[in-house]
Amino acid sequence: MHIRTFRAASLQDALEEIRQQMGPDASVLHTRQVRDGWMGWLGRTYVEVTAGLRDAIDANGRPSLESDDLEENTFAPEEDASPRQSVFMHSASMLAGPLQAYREQLIDSGVAAITADRWLRATESFAAGLGETHGQPWMEHLQRSIARELRLGGPIRTQPGSKHIVALVGPTGVGKTTTIAKLAAGFRIQERRRIGLVTIDTFRIAAVQQLEAYAEIMDLPMEVVEKPAEMQPAIERLGDVDLVLIDTAGRSPSSDARIDQLVELLRMAQPDETHLVMAATSSVSTVRSVLRGFAPARPTAAILTKLDEATNTAGVLSALSSSDSLPRIPLSYLTNGQQVPDDIQVASAETLLSRLLPTTLQNQHLDAA
Ligand SMILES: Nc1nc2c(ncn2[C@@H]2O[C@H](COP(=O)(O)OP(=O)(O)OP(=O)(O)O)[C@@H](O)[C@H]2O)c(=O)[nH]1
Ligand SMILES: [Mg+2]
């Protein structure tokens, strides 16, 4: 293996020089910021990059990494492909101290290394531009780079007399019925819309009673649908309403048969919008399997519930924003408590990013930076 060190004004310039001088197979081993001048005073800041060139086949028998991996795949869609992992590790070492520490916190919270690197990349160039990292702007810049990846769909839009149909789907116990009640109350009280409710959760008597109780309190018409053929007549019977909210039984994302049943019921309802409800307390792998499992229901938006119980949003946001192989659905609402109708808000980047990591960690690193 040949090892050489390069100095350049920016990371980009250093990588370009490495590529030109060492060829496409070079990998970055180490990066640091240096300052010339007397004791670092009055000097200019440089990026110093150490690169290595190894044989065509490495010690593990894997092909050596392509030059494109070196610079571009840091931003590639998330897949934990092991041959590329070493490049991401290298890219992590480019990172200045506090960012490197923050990267580890993100990874501890379930964010994949490649996603953390993508998020921190923009922050890193910002830090390099400053010559060092300063507290608040550093965190703000990180938040801005993540916000760019978030898709926010805004609220449900209703028109008086248009009979807008919205279904909520998702795994069991995430808060679908509670969210339906919050939405119904909000649209009825604040927007003065006429609301109708439909439940196709007929597996449990208690589930029908739960929605019925809300329908009674709010004096809303409600229909219970057991079979696909009953769906259209039930929607008709709701009469002249502006918004139809359809509650569904929680389903395991891995139960194909029950997802197919749901898809069939939704096909009969022809909803204008289908919101996939997920708990913010879920692990990254759960969110990914829910996104995959419910893809046949063609969700048009996602609702994140139980934000009040989630220690952080980093893992869930990474799962929602990072993979090209899954549909990137926009977030519509966030719920942050059990109270109907208060504990719901339209999804905003501010709310999600203010809870990126637990506050103490966030402050700790802001101070350290
Ligand atoms: N802390 C907290 N609890 C919530 C929130 N939303 C709902 N819950 C609670 O979560 C529990 C389940 O809520 P449901 O609305 O019945 O959930 P569901 O998705 O309809 O459940 P299934 O119909 O069984 O699939 C209840 O105890 C709710 O009060 C929230 O934003 N925060
Ligand atoms: Mg329910």
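Residues numbered from 1 in each chain as written. Chains lettered and ligands numbered in written order. Predicted model: local features only at pLDDT ≥ 70, side-chain atom pairs only at ≥ 80, totals over all residues. Heavy atoms only, no water.

Peer 1: What's the story with the overall build of the protein chain in this structure? I'm lost.
Peer 2: The helix and strand inventory of the protein chain stands at 14 helices and eleven strands. Relative to its full complement of 369 residues, the protein chain shows a buried share of 53%. Restricting to contacts in the protein chain with at least 6 residues of sequence separation, those with at least 24 account for 72%. Taken as a whole, the protein chain presents about 17200 Å² of accessible surface, with 49% of it coming from carbon and sulfur. (Helix = DSSP H or I, 4+ residues; strand = E, 2+ residues; numbered from the N terminus. Buried < 20%, exposed > 50% of the residue type's maximum accessible area, 1.4 Å probe, protein only. Contact = heavy atoms within 4.5 Å. Areas by Shrake-Rupley, 256 points an atom, 1.4 Å probe, with all protein chains shown as cover.)

Peer 1: Explain the environment of Arg151 to me, please; I cannot follow it from the model alone.
Peer 2: Mapped onto the elements of the fold, Arg151 is located in the loop between α6 (135-147) and β4 (164-169). Taking the relative accessible area as the measure of exposure, Arg151 reaches 46% and is therefore partly exposed. In this structure, Arg151 is in contact with Arg328, Ile329, Pro330 and Leu331, ignoring residues within four places of it in sequence. At 2.5 Å, the side chain of Arg151 and the backbone oxygen of Arg328 are in polar contact. (Polar contact = N/O pair within 3.5 Å; in protein donor to acceptor, adjacent residues only side chain to side chain.)

Peer 1: I keep staring at the site of ligand 1 and nothing clicks. Help me out?
Peer 2: The environment of ligand 1 is made up of 20 residues, and the closest members are Lys176, Thr177, Thr178, Asp308 and Thr335. Contact distances for ligand 1 include 2.6 Å between an oxygen atom and a side-chain N or O atom of Thr335. Separating an oxygen atom of ligand 1 from a backbone N or O atom of Gly337 is a distance of 3.0 Å. Protein chains shield 83% of the accessible area of ligand 1, which is 660 Å² for the free molecule. For the shell around ligand 1, the element with the highest residue contribution is helix α7 (residues 176-189), accounting for four residues. Its residues assigned to classes, the shell around ligand 1 comprises two nonpolar, eleven polar and seven charged. (Near = heavy atom within 4 Å. Nonpolar A, V, L, I, M, F, W, Y, C, P; charged D, E, K, R; others polar.)

Peer 1: Looking at this structure, I do not really get the pattern of salt bridges. What am I missing?
Peer 2: Opposite charge on two side chains permits them to pair, given that their charged atoms come into close proximity. Within this structure, the stated rule accounts for seven salt bridges. One salt bridge connects Asp242 with Arg194, and the closest N-O pair in it is separated by 3.0 Å. With Asp242 in the loop between α9 (228-237) and β7 (243-247) and Arg194 in the loop between α7 and β5 (195-199), this residue pair connects regions lying 48 residues apart in the sequence. According to the relative accessible area criterion, Arg194 is partly exposed, its value standing at 38%. Between Arg267 and Glu264 there is a salt bridge whose closest N-O contact spans 3.1 Å. Taken as a pair, Arg267 and Glu264 lie in helix α10 (residues 256-269) at a separation of three residues, close to a single helical turn. (Salt bridge = Lys/Arg side-chain N within 4 Å of Asp/Glu carboxyl O.)

Peer 1: I keep staring at the packing of α9 against α10 and nothing clicks. Help me out?
Peer 2: The axes of two packed helices give the description: the angle between them and the distance between them. Remark: α9 packs on α10, axes separated minimally by 8 Å, with the N-to-C direction vectors making an angle of 30 degrees. Seen along the crossing, α9 lies across α10 with a hand that is right-handed. Taking contact as the criterion, the partners of Pro228, Met231, Gln232 and Ile235 in α9 are, on α10, Glu264, Leu265, Met268 and Ala269. When the residues that make up the contact of α9 with α10 are grouped by side-chain class, the tally is six nonpolar, one polar and one charged. (Axes fitted to C-alpha atoms, helices over the stretch in contact; angles between N-to-C directions. Left-handed = near helix turned anticlockwise from the far one by under 90°.)

Peer 1: How do you make sense of the side chain of Asp242 when you look at a structure like this?
Peer 2: For Asp242, a relative accessible area of 2% gives the class buried. Here the side chain of Asp242 touches Gly161 through a polar contact of 2.6 Å, landing on its backbone nitrogen. Ignoring anything within four residues of it in the chain, the contact list for Asp242 reads Gln159, Pro160, Gly161, Ser162, Lys163, His164, Arg193 and Arg194.

Peer 1: For this particular structure, what's the right way to read the packing of α7 against helix α8 (residues 205-218)?
Peer 2: It is at 10 Å that the axes of α7 and α8 come closest, and there the two elements cross at 15 degrees. Of the possible angle classes, the one that applies to α7 and α8 is roughly parallel. Here α7 runs over α8; the crossing is right-handed. Across the interface between the two elements, Thr177, Thr178, Ile180, Ala181, Ala184, Ala185 and Arg188 of α7 pack against Gln210, Leu211, Tyr214 and Met218 of α8. (Parallel < 35°, antiparallel > 145°, perpendicular 65-115°, else oblique.)

Peer 1: Would you mind showing me how to read the sheet that holds strand β9 (residues 301-305) here?
Peer 2: Across the sheet, eight strands lie side by side as β6-β5-β7-β4-β8-β9-β10-β11; this open sheet has mixed pairing. A strand with exactly one partner marks an edge of an open sheet, and here the two such strands are β6 (222-224) and β11 (344-346). Strand after strand, the sheet turns through a mean of 20 degrees between neighbouring axes, direction not considered. Strands in contact with α10 are β4, β7 and β8 (273-279); relative to β4, the strand with the most contacts, it is inclined by about 170 degrees. (Pairing = 2+ DSSP bridges.)

Peer 1: Please clarify how empty space enclosed by the protein should be interpreted in this entry.
Peer 2: In the structure shown here, the tally under the stated rule is two cavities of 30 Å³ or more. Taken as a whole, the second largest cavity encloses approximately 70 Å³ of empty space. Along its surface, the second largest cavity is lined by Glu149, Leu150, Arg151, Leu317, Leu320, Ser321, Arg328, Ile329 and Leu331. Residue contributions to the lining of the second largest cavity peak at three residues, all from helix α12 (residues 314-322). Taken together, the residues that form the lining of the second largest cavity break down as five nonpolar, one polar and three charged. (1 Å grid on protein atoms, 1.4 Å probe; cavity = no way out; pocket = protein on both sides within 12 Å on 5 of 7 lines; lining within 4 Å. Points joined across faces, edges and corners; volume = space filled by probe spheres on them.)

Peer 1: How should the pairing of β8 be read in this particular structure?
Peer 2: Along β8, seven of the seven residues are buried, which leaves the element largely enclosed by surrounding structure. The alternating pattern of β8 places Glu273, His275, Val277 and Ala279 and Thr274, Leu276 and Met278 on opposite faces, both of which are buried. Note: β4 against β8, four bridges, orientation parallel. Among the inter-strand pairings, Ala167 is bridged to a residue of β8, identified as Thr274. In this structure, β8 lies alongside β9, joined through five bridges in parallel fashion.

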